[in-house]
Amino acid sequence: MTTRATSRSGTSRSGRRPGNSGTREAIIEAARQRFSEVGFDKASVRSIAAKAGVDSALVHHYFGTKQDLFVAAVAIPIDPTPVLRHIAGTPLDRLGEGLIRNILGAWDSPAGVGLVAAFRSVVGGGDPALIRTFLLDIALRGVRERVDSPPGSGLERVTAVATQMLGILVMRKIVELEPIASMSHDDLVRVFAPTLQRYLTGTLTSP
């Protein structure tokens, strides 16, 4: 998309949308559409910029990396990078516990209200493709690669983990079902970490 700009001489000329108050919003909307259409990996910054009618340099100017742009597009109120870094550093045999502790830490942080609001938005009619992309291509991507044993099982393993963690989120933060809602992190780890660990590194099929 192009716009008409006016030169100093008063004549109009064609060109990309300049940086202005509406540029950031246009980029976010274009990003939502592209991420929803083709997923995180295939949605290039160049294609998002073209859809927004701006130069790709403006995308980097406003958002930095493509992951930062995705976080903004999904309206996640925290930078997931520190959480993902902690999870990546967790030993494989304690990954179930590491996932619960780090994700609970985000949910129960000051930004947790915004995280729950973003989840409510998706459940209440938002774009499910965006949250799928976030879960599989960003949040759980590194985990999927680590637990892909036997080869090809990684996706099944992390989707099983996602169902468990989202269930805890709903019961703890939305339904507020006791005792889940008021359990300490240690107690939640005791109850749920063994199940997550089995999903991640154990046998998935019945003997």
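Residues numbered from 1 in each chain as written. Predicted model: local features only at pLDDT ≥ 70, side-chain atom pairs only at ≥ 80, totals over all residues. Heavy atoms only, no water.

Novice: Residues and numbers for the pattern of salt bridges, please.
Specialist: It is possible for side chains of opposite charge to pair when their charged atoms get near one another. Scanning all chains against the criterion turns up ten salt bridges. As a salt-bridge pair, Glu29 and Arg32 come within 3.6 Å of each other at their nearest N and O atoms. With a gap of three residues between them, Glu29 and Arg32 both fall in helix α1 (residues 23–42), about one helical turn apart. By relative accessible area, which is 31% here, Arg32 ends up partly exposed. In this structure, the salt-bridge partner of Asp187 is Arg190, at a minimum N-O distance of 3.7 Å. With a gap of three residues between them, Asp187 and Arg190 both fall in helix α11 (residues 185–201), about one helical turn apart. With relative accessibility at 31%, the residue Asp187 sits in the partly exposed group. Overall, Arg190 belongs to the exposed group, its relative accessible area being 56%. Look at the salt bridges and you will find they share partners, linking Arg94, Glu97, Arg101 and Asp186 into a network. (Salt bridge = Lys/Arg side-chain N within 4 Å of Asp/Glu carboxyl O. Helix = DSSP H or I, 4+ residues; strand = E, 2+ residues; numbered from the N terminus. Buried < 20%, exposed > 50% of the residue type's maximum accessible area, 1.4 Å probe, protein only.)

Novice: Describe the nonpolar core, and please don't skip the residues or the numbers.
Specialist: Phe35 and Leu99 are the most contacted members of the largest nonpolar core, which totals 59 residues. Setting aside residues no more than four positions away along its own chain, Leu99 makes contact with Ile87, Leu140, Val143, Val161 and Leu200. (Core = buried A, V, L, I, M, F, W, Y, C linked by side-chain atoms within 4.5 Å. Contact = heavy atoms within 4.5 Å.)

Novice: Give me the packing of helix α2 (residues 45–52) against helix α3 (residues 56–63): which residues, what numbers.
Specialist: Closest axis-to-axis distance for the α2/α3 pair is 8 Å, and the angle between their directions is 100 degrees. Between α2 and α3, the interaxial angle falls into the category roughly perpendicular. Counted together, Val45, Arg46 and Ala49 of α2 and Ser56, Val59 and His60 of α3 form the full contact between these two elements. Its residues placed into classes, the contact of α2 with α3 shows three nonpolar, two polar and one charged. (Axes fitted to C-alpha atoms, helices over the stretch in contact; angles between N-to-C directions. Parallel < 35°, antiparallel > 145°, perpendicular 65-115°, else oblique. Nonpolar A, V, L, I, M, F, W, Y, C, P; charged D, E, K, R; others polar.)

Novice: Before we move on, can you summarise helix α8 (residues 128–139) with the specific residues and values?
Specialist: Buried within α8 are the following residues: Ala129, Leu130, Thr133, Phe134, Leu135, Asp137, Ile138 and Ala139. Tucked inside the fold, the buried residues of α8 contact α1, α4 (66–74), α5 (81–88), α9 (141–146) and α10 (154–174).

Novice: Break down the layout of surface pockets for me, with residues and values.
Specialist: The gaps of empty space that remain are located by a probe, the size of a water molecule, rolled over the atoms. Here the largest pocket is characterised by a volume of approximately 150 Å³. In terms of lining, the largest pocket is formed by Leu84, Ile87, Ala88, Asp137, Ile138, Ala139, Arg141, Gly142, Val143 and Arg146. Contributions of two or more residues to the lining of the largest pocket are made by α5, α8 and α9. With four residues, α9 is the single largest residue contributor to the lining of the largest pocket. (1 Å grid on protein atoms, 1.4 Å probe; cavity = no way out; pocket = protein on both sides within 12 Å on 5 of 7 lines; lining within 4 Å. Points joined across faces, edges and corners; volume = space filled by probe spheres on them.)

Novice: Give a description of the confidence of the model for the protein that names residues and reports values.
Specialist: Overall, the prediction assigns the protein a mean pLDDT of 83, with 86% of residues at 70 or greater. Looking at the elements of the protein, mean pLDDT is at its lowest for strand β2 (residues 12–15), recorded as 38, and at its highest for α11, recorded as 96. Note on residues 1–15: pLDDT is under 50 here. Beyond four places in sequence and across chains, it has 20 contacts. (pLDDT = per-residue confidence, 0-100.)

Novice: Describe unusual backbone geometry, and please don't skip the residues or the numbers.
Specialist: Between Ser149 and Pro150 the backbone carries a cis peptide bond, its omega angle lying at 0 degrees. Counting through the fold element by element, Pro150 comes out in the loop between α9 and α10. In the segment running from Glu178 into Pro179, the intervening peptide bond is cis, with an omega of 10 degrees. Here Pro179 is to be found in the loop between α10 and α11.

Novice: Residue-level account of the side chain of Arg157, with values.
Specialist: Tracing the sequence through the fold places Arg157 in helix α10. Within the local environment of Arg157, its side chain forms a polar contact with the backbone oxygen of Gly202, the two atoms lying 2.9 Å apart. Not counting the four nearest positions on each side in its chain, Arg157 is found in contact with Val147, Ser149, Pro150, Arg198, Tyr199, Leu200, Thr201, Gly202 and Leu204. (Polar contact = N/O pair within 3.5 Å; in protein donor to acceptor, adjacent residues only side chain to side chain.)

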